[in-house]
Amino acid sequence: MKHFNLSFSGVVCALALVLPAHANTAKKHDFAAAPATLAPKKLGNAIQAGLAEAGLIEIYRLIGQGHNREALNRAEQLVQSYPSFQLAQLVYGDLLAARTRSVKVMGDVPGEMLKAGETTLGELRDESQMRLKALRERPPSAAVPSQFLSLSSRIKHAIAVDTSRSRLYLFENGPTGLTLVADYYISVGKSGWEKSVEGDLRTPLGIYFITSNLDPKSLRDFYGSGALPINYPNILDARRGKTGSGIWLHGTPPGQFSRPPLATDGCLVLSNPDLEKIIQTVAIRTTPIVISQKLNWVAPHSARSDGKQFEKALSAWQSAKSSGDVERVLDFYSQDFNSNGKTLKQWAPALRGEMSKRQGGQIELKDLSFMRWTDAADTMVVTFGEVASGARTGPTKRQYWVRQGAHWKIFFEGVIG
């Protein structure tokens, strides 16, 4: 045939777009510039995956621009080099089929073949749609997720996850605030999100922190290039009785390129090169990770404005503690306060001892950060260094505040460093 008839699901018009930040792997390992006969066995797993991802995106772009014959040639090269890349095989099959008939949906296979592989085909279609949606629907320019109200300059990076879009966003925190530097396709829990109990196969929603970086040599191949555990269940999760553990950001088994959006036991799974980029970039313990069902993108000045009312409450707490009046300070704590198993009544003597030892005097809150989580309740996650007047250093503390009517109350406070 002299022409292609390719029109699957309106995808064509959406593909001729500028590549997203996610494609920065392609800049380093450009499939278009690589030899067609490149042997995967001679490459590291991360570079292999990077080339495969870049090659697939380039094929999508060529289809979107109407260069279907060139797309077919690139797809043939890609599947020859990476025969286990199922999504590439699917696109290649569609491009071949389009030479003789109209292809109306992604993975347009005959009925008898469809019955045999319907589940796998459905998963590949879901993956493809998520990847394409990320190319088509970009976050507003210079916008940030609404949870990031104020981050200390000591926090160099932050992560936000939109589970409904199977997307992870990596931000750099500079003098002017957060800047989106990359975003990646991810897989989440097989049963979706909003984890509540052990074994429910769901990804948790909330504000978390990366707690460690596990040595890949200590992990099975299943986890790929490594793993970054997060602190699920966090203080708010524990307060609500949520259970479970072992929620990680991790990679994929060597040679695996395709995976459906809903594919994990609750973890956040990225391709190995994407995970390696994150591992090389973020700091352990201080990097926040917001996991939301749907991110709300706002202008940075709007996020700062939303935090003003809370800042007044935090400033009032700081003033009360500086005054040396213990009862005035205790008024900021909720009746169901808990600090590492201690109730407010059990914890109050330690507060009195701390304030008595300091004998009054101002306290400063250094390297202050606060983030807002809103669902059935309005919660603030606050981190700061508490430094007494005349001292050079002090403990790093984390507080959780909840809005109760017109007031903010602290339901957890603890030293984290």
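Residues numbered from 1 in each chain as written. Predicted model: local features only at pLDDT ≥ 70, side-chain atom pairs only at ≥ 80, totals over all residues. Heavy atoms only, no water.

(A) Region of the structure containing the side chain of Ser369. Locating Ser369 in the fold gives a position in strand E16 (residues 363-374). You can call Ser369 buried: its relative accessible area is 4%. Apart from the residues lying within four places of it in its own chain, the contact partners of Ser369 are Ser150, Leu151, Ser152, Ile155, Val381, Val382 and Thr383. (Helix = DSSP H or I, 4+ residues; strand = E, 2+ residues; numbered from the N terminus. Buried < 20%, exposed > 50% of the residue type's maximum accessible area, 1.4 Å probe, protein only. Contact = heavy atoms within 4.5 Å.)

(B) Fine view of the environment of Leu124. In this fold, Leu124 is placed in helix H7 (residues 118-136). Assessed through its relative accessible area of 9%, Leu124 is described here as buried. Taking C-alpha positions, Leu124 is 6.0 Å from Leu87, a pair spaced 37 residues apart along the chain. Residue contacts for Leu124: discarding those within four places in its chain leaves Gln86, Leu87, Leu90 and Ser258.

(C) Summary view of the pairing of strand E3 (residues 157-162). With six of six residues buried, E3 lies mostly within the body of the structure. Side chains His157, Ile159 and Val161 of E3 all project onto a buried face; the interleaved residues Ala158, Ala160 and Asp162 project onto the opposite face, where all are buried too. With six bridges joining them, E3 and strand E4 (residues 167-174) adopt antiparallel strand pairing. Within E4, the residue paired with Ala158 across the bridge is Phe171. Note: E3 against strand E12 (residues 288-292), four bridges, orientation parallel. By the bridge assignment, Ile159 is partnered in E12 with Ile289. (Pairing = 2+ DSSP bridges.)

(D) Seen up close, the confidence of the model for the chain. When pLDDT is averaged along the chain, the result is 84; 83% of the residues meet or exceed 70. Low pLDDT (under 50) marks residues 9-47, which in the prediction has 75 contacts with non-local residues, meaning those over four places away or in another chain. (pLDDT = per-residue confidence, 0-100.)

(E) Focus on the packing of aromatic side chains. All told, the structure shown has 15 aromatic pairs when counted by the stated rule. Note on Tyr223 and Trp248: the rings are 5.1 Å apart at their centroids and 50° apart in plane angle, and the pair reads as tilted. Placement of Tyr223 in the loop between strand E7 (206-209) and strand E8 (227-229) and of Trp248 in strand E9 (residues 248-250) is noted, with a sequence separation of 25 residues between them. Of the residues examined, Tyr223 reaches a relative accessible area of 17% and is grouped as buried. Between Tyr333 and Trp347, the aromatic rings sit 5.1 Å apart at their centres with planes inclined by 45°, giving tilted as the arrangement. With Tyr333 in the loop between helix H12 (326-330) and strand E14 (338-339) and Trp347 in helix H13 (residues 344-358), the pair connects residues that are 14 residues apart, well separated along the chain. (Phe/Tyr/Trp six-rings, centres within 6.5 Å; stacked < 30°, edge-to-face > 60°.)

(F) Representation of unusual backbone geometry within the structure. With an omega of -5°, the peptide bond between Tyr232 and Pro233 qualifies as cis. In this fold, Pro233 is placed in the loop between E8 and helix H8 (235-239). In the Ramachandran plot, Ala142 falls in the positive-phi region, its phi being about 70° despite a non-glycine side chain. Of note in this structure, Ser166 is not a glycine but carries a positive phi near 50°. Within the fold, Ser166 resides in the loop between E3 and E4.

(G) Focus on the pattern of salt bridges. Tallied over the full model, the rule gives 22 salt bridges. Note that Asp237 is salt-bridged to Lys242, the shortest N-O span being 4.0 Å. What makes Asp237 buried here is its relative accessible area of 3%. Through salt bridges with shared partners, a single ionic network connects Lys321, Glu354, Glu386, Lys397 and Glu413. (Salt bridge = Lys/Arg side-chain N within 4 Å of Asp/Glu carboxyl O.)

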